[in-house]
Amino acid sequence: MNVDSLLKPVLAIAAEHASAVDAEGRFPTEAVAALGAAGLLGLTVPDGEGGLGAGAREFAHVTAELAGVCGSTAMVYLMHMSGTMTVAAAPPKGMPSLVSALAGGETLATLAFSEPGSRSHFWAPVSQAERNGGPDARFTADKSWVTSAGHAQMYITSVLSADEAGTVDLYAIEAGDPGVSVTGTFRGLGLRGNASAPMRFDVTAPDPTRLGEAGSGLTLMTETVMPWFNLGNAAVSLGLARAALTAAVRHTSGATLQHTGQTLAELPTIRARLARMSLQLEAAAAYLRAAADSIAAPDEQTPLYVLGVKALANDTALTVTDDAMRVCGGAAFSQHLAVERFFRDARAGHVMAPTADVLYDFYGKAITGQPVFG
């Protein structure tokens with residue numbers, strides 16, 4: 001399977017619409033449709049279930065390449081794949097065709113975890129499911145910053161379990177179910193087209209729509225969601241950073257100081273900053289590849305990679321895109337280049353749950369022998 005041959009036409013479509021997606025804050029409908037048509041919405045789903053059967057490295061590669069042309073498209077893709085892999089790990093008993101629908105592009109998925117009450121601590125919902133004397137779970141859950149809000153057809157939603165006190169359950173909630181609503185709008189600094197908006201789920205959820213057994217939600221979050229989400233989020237960050245570096249090198253190599261005849265790249269200060277950007281990016285990219293390989297073949301180091309990869313990539317993207325703005329000067333600030341879009345989009349990864357700062361804390365707990373979620 002040649003992933004790049006499938007990806008090439010998608011990148012062309014995403015690039016064509018990227019500026020409008022950002023400027024208008026509109027959902028990247030064309031690029032998402034192209035991802036589905038190419039089969040890439042099922043990239044890492046086993047081929048026996050309608051997917052392409054690719055692995056973590058291919059996922060990171062595709063996500064980074066998408067980010068390099070349109071950060072909003074990459075984020076929508078990341079959330080779909082995170083939701084899809086969670087469903088594939090614990091398919092709802094009442095939805096036997098859901099995995100193949102997600103893989104085939106008929107259904108777009110996303111995660112609906114973070115809540116205003118627990119903010120970026122996505123693993124700790126405060127919404128409570130109840131039985132109320134019936135066989136189905138009933139809950140009202142207000143979720144903040146749901147990517148693809150109003151555009152996804154399937155929302156993987158977390159609540160406190162109605163059956164196992166103090167534990168979490170995940171449910172697959174369809175967009176058309178009564179009580180599913182988008183309750184706000186999004187106008188962000190960056191990633192303006194990813195439709196990240198608050199939602200309310202005032203629903204009755206039959207047990208066959210639950211992923212896994214009662215009380216298994218936290219395990220799914222830590223063992224499935226976090227590896228795929230953190231890896232993909234890191235890939236988005238580094239894809240944005242690489243695009244910013246490429247644009248900066250191109251601009252500084254072509255822009256000339258007429259009074260000296262030098263290009264900007266011939267100035268020692270500019271060259272040194274470009275070199276530092278490149279080295280930081282290559283180091284983080286090597287860690288990303290190592291993390292992808294570890295997730296594909298887990299061992300005792302895998303939890304550290306899962307915790308570290310997003311934090312490192314997020315911070316690298318902040319630094320590299322900031323330096324790209326510096327070396328490009330007024331051309332970047334005046335929007336003559338795409339650098340300022342990459343700069344804005346890169347700010348989002350650091351604050352997405354789990355935030356980089358939280359991950360550093362978790363990583364520190366892990367290497368000092370403390371309970372990570374204690």
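Quantities reported herein were computed from a predicted structural model and do not represent experimental measurements.

(A) Fine view of the sheet that holds strand S7 (residues 210-211). Spatially, 4 strands are ordered S1-S3-S4-S7 in an open sheet, and the strand pairing comes out mixed. On the outer flanks of this sheet lie strand S1 (109-112) and S7, each paired with one strand and no other. Two elements, strand S3 (residues 154-160) and strand S4 (residues 168-174), share 7 bridges in a ladder whose sense is antiparallel. Within S4, the residue paired with Ile156 across the bridge is Ala172. Sheet strands in contact with helix H4 (residues 71-89) are S1, S3, S4 and S7, and its direction is about 85° off that of S1.

(B) Broad picture of the sheet that holds strand S2 (residues 137-146). Spatial ordering of the open sheet is given by S2-S6-S5, a layout of 3 strands whose pairing is antiparallel. Because the sheet does not close on itself, it has two edges, and the strands there are S2 and strand S5 (180-182). Strand-to-strand twist of the sheet, defined as the mean angle between neighbouring strand axes without regard to direction, takes the value 10°. As paired strands, S5 and strand S6 (residues 197-205) are joined by 3 bridges and run antiparallel to one another. Its bridge partner lying in S6, Val180 is registered against Phe201.

(C) Structural context of the pattern of salt bridges. For the structure on display, the rule yields 18 salt bridges. One salt bridge connects Asp322 with Arg326, and the closest N-O pair in it is separated by 3.3 Å. With Asp322 and Arg326 both in helix H8 (residues 302-328), this residue pair falls 4 residues apart, about one helical turn. Classification of Asp322 as partly exposed rests on a relative accessible area of 26%. A salt bridge links Asp361 to Lys365; the shortest N-O distance between them is 4.0 Å.

Criteria and cut-off values
Residues numbered from 1 in each chain as written. Predicted model: local features only at pLDDT ≥ 70, side-chain atom pairs only at ≥ 80, totals over all residues. Heavy atoms only, no water. Pairing = 2+ DSSP bridges. Helix = DSSP H or I, 4+ residues; strand = E, 2+ residues; numbered from the N terminus. Contact = heavy atoms within 4.5 Å. Axes fitted to C-alpha atoms, helices over the stretch in contact; angles between N-to-C directions. Salt bridge = Lys/Arg side-chain N within 4 Å of Asp/Glu carboxyl O. Buried < 20%, exposed > 50% of the residue type's maximum accessible area, 1.4 Å probe, protein only.

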